[in-house]
Amino acid sequence: MKHFINLDELSNKDFNQIINHAIVLKKQHKSGQINKTLENKTLAMIFDKSSTRTRVSFETGMTQLGGHALFLSDRDIQLGRGEPIIDSAIVIGSMVDGVVMRVSSHKDINTFAQNANVPIINALSDESHPCQLLADMMTYKEHKGDIQGKTVAWIGDGNNMCHTYMQAAKVFNFTLNIAAPENYQPNPSFIEKYADHIHLFTDAKAACQAVDLVVTDVWASMGQEDEQKKREIAFKDFQVNDDLMSSAKPDAAFMHCLPAHRGEEVSASVIDGSQSLVWNEAENRLHAQKALLLYLLT
Ligand code: CP
Ligand code: NVA
């Protein structure tokens, strides 16, 4: 049985297979072809944090593939009232064919996976967000080709998305320049593990020098709302704007997992400008995750 909890658990070959399949599924869907491969399959989706893209893409993806998705907010299920994660995993796993989990603690996803008898998908944890990277890598491939050997700049918080780009740098064999403020660096264990694929910068413009892709994310992630003001000060020199983009290659792309805060981590001119791929990136969550579901559930 396969899970999708950490990006680097899958080989480069498996990823390329999923991404290529996602590109085919996208074309088939747009041409009106019906694919009911997941008929009679049920996907449970446990969310203890907000979501637009992840929820809509998994739910729609299951419908398009002939299956069913159950949205389980922690406000509604007994897990949110303190039922042990192990008990919840045994019970939910005994009924459904796969589980998508967006929870605060990455450890809880691992515990759930150890106790549920079905594939588990990490839909964002405090540590990583592998589903987003599937869509990002698919988007890069569609618009720019192979990312292998390219250089990507991560600007901003050393957060869950940054960690996942570090894992992607290893799996897809690209170089990742990371520019984060001093107290907002990625987890030291990630820095050590992915050292061969990353370069750390203190200056955002230097990190963008001649890169092929610039990526950022919010300065305050979900659960860090009370740090917003403090973070605005710490991150003030880490906004992706026209000046920063002028350091990158002229045809460099811009990506952001969304939701975005224009005027904070990214200027409106960049996110709404010609180098931005954010809308394709968001749409590709649907196609990439359909390919992931077919890979895991069939
Ligand atoms: N990028 C992303 O995961 O968006 P949502 O939080 O809306 O799911
Ligand atoms: N780093 C952000 C990503 C949202 C998709 C968060 O965790 O809130």
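Overview of the structure. Just so it is clear, the structure is predicted and the values come from calculations on it, not from any experiment.

Brief notes about the site of ligand 1
What surrounds ligand 1 is the set Ser51, Thr52, Arg53, Thr54, Arg102, His129, Gln132, Cys257, Leu258 and Arg285. Within the contact set of ligand 1, an oxygen atom lies 2.6 Å away from a side-chain nitrogen or oxygen of serine 51. Between ligand 1 and threonine 54, the relevant distance is 2.7 Å, taken from an oxygen atom to a side-chain nitrogen or oxygen of the residue. A total of 260 Å² of accessible area belongs to ligand 1 in isolation, and the protein chains cover 95% of it. Applying the majority rule of atoms within 2 Å of the grid points places ligand 1 in the largest pocket.

Notes on the sheet that holds strand β3 (residues 98-102)
With respect to topology, four strands assemble into an open sheet ordered β2-β1-β3-β4, the strand pairing being parallel. Edge positions in the open sheet fall to β2 (68-73) and β4 (120-122), since each of these has one partner strand only. Put simply, the sheet's adjacent strands are angled 20° from each other on average, direction ignored. Against the sheet, helix α4 (residues 106-115) contacts β1 (42-47), β3 and β4, and its axis sits at roughly 170° relative to β4.

Let's talk about the site of ligand 2
Neighbouring ligand 2 are Leu124, Asn159, Asn160, Asp217, Ser221, Met222, Cys257 and Leu258. Contacts to ligand 2 include asparagine 159, whose side-chain N or O atom sits 3.4 Å from a nitrogen atom. Here an oxygen atom of ligand 2 and a backbone polar atom of methionine 222 are 2.8 Å apart. Out of a free accessible area of 270 Å², ligand 2 has 94% covered by protein chains. In this structure, ligand 2 is accommodated by the largest pocket.

Topic: the side chain of aspartate 136
Along the chain, aspartate 136 falls in helix α5 (residues 130-144). Buried aspartate 136, no salt bridge; nearest opposite-charge side chain is arginine 285, N-O distance 6.8 Å. Leave out the neighbours within four places in its chain, and aspartate 136 touches Met161, Tyr165, Met255 and Glu281.

What counts and what doesn't
Residues numbered from 1 in each chain as written. Chains lettered and ligands numbered in written order. Predicted model: local features only at pLDDT ≥ 70, side-chain atom pairs only at ≥ 80, totals over all residues. Heavy atoms only, no water. Near = heavy atom within 4 Å. Polar contact = N/O pair within 3.5 Å; in protein donor to acceptor, adjacent residues only side chain to side chain. Areas by Shrake-Rupley, 256 points an atom, 1.4 Å probe, with all protein chains shown as cover. 1 Å grid on protein atoms, 1.4 Å probe; cavity = no way out; pocket = protein on both sides within 12 Å on 5 of 7 lines; lining within 4 Å. Sits in = over half its atoms within 2 Å of the grid points. Pairing = 2+ DSSP bridges. Helix = DSSP H or I, 4+ residues; strand = E, 2+ residues; numbered from the N terminus. Axes fitted to C-alpha atoms, helices over the stretch in contact; angles between N-to-C directions. Contact = heavy atoms within 4.5 Å. Buried < 20%, exposed > 50% of the residue type's maximum accessible area, 1.4 Å probe, protein only. Lys, Arg positive; Asp, Glu negative; His and termini not counted. Salt bridge = Lys/Arg side-chain N within 4 Å of Asp/Glu carboxyl O.

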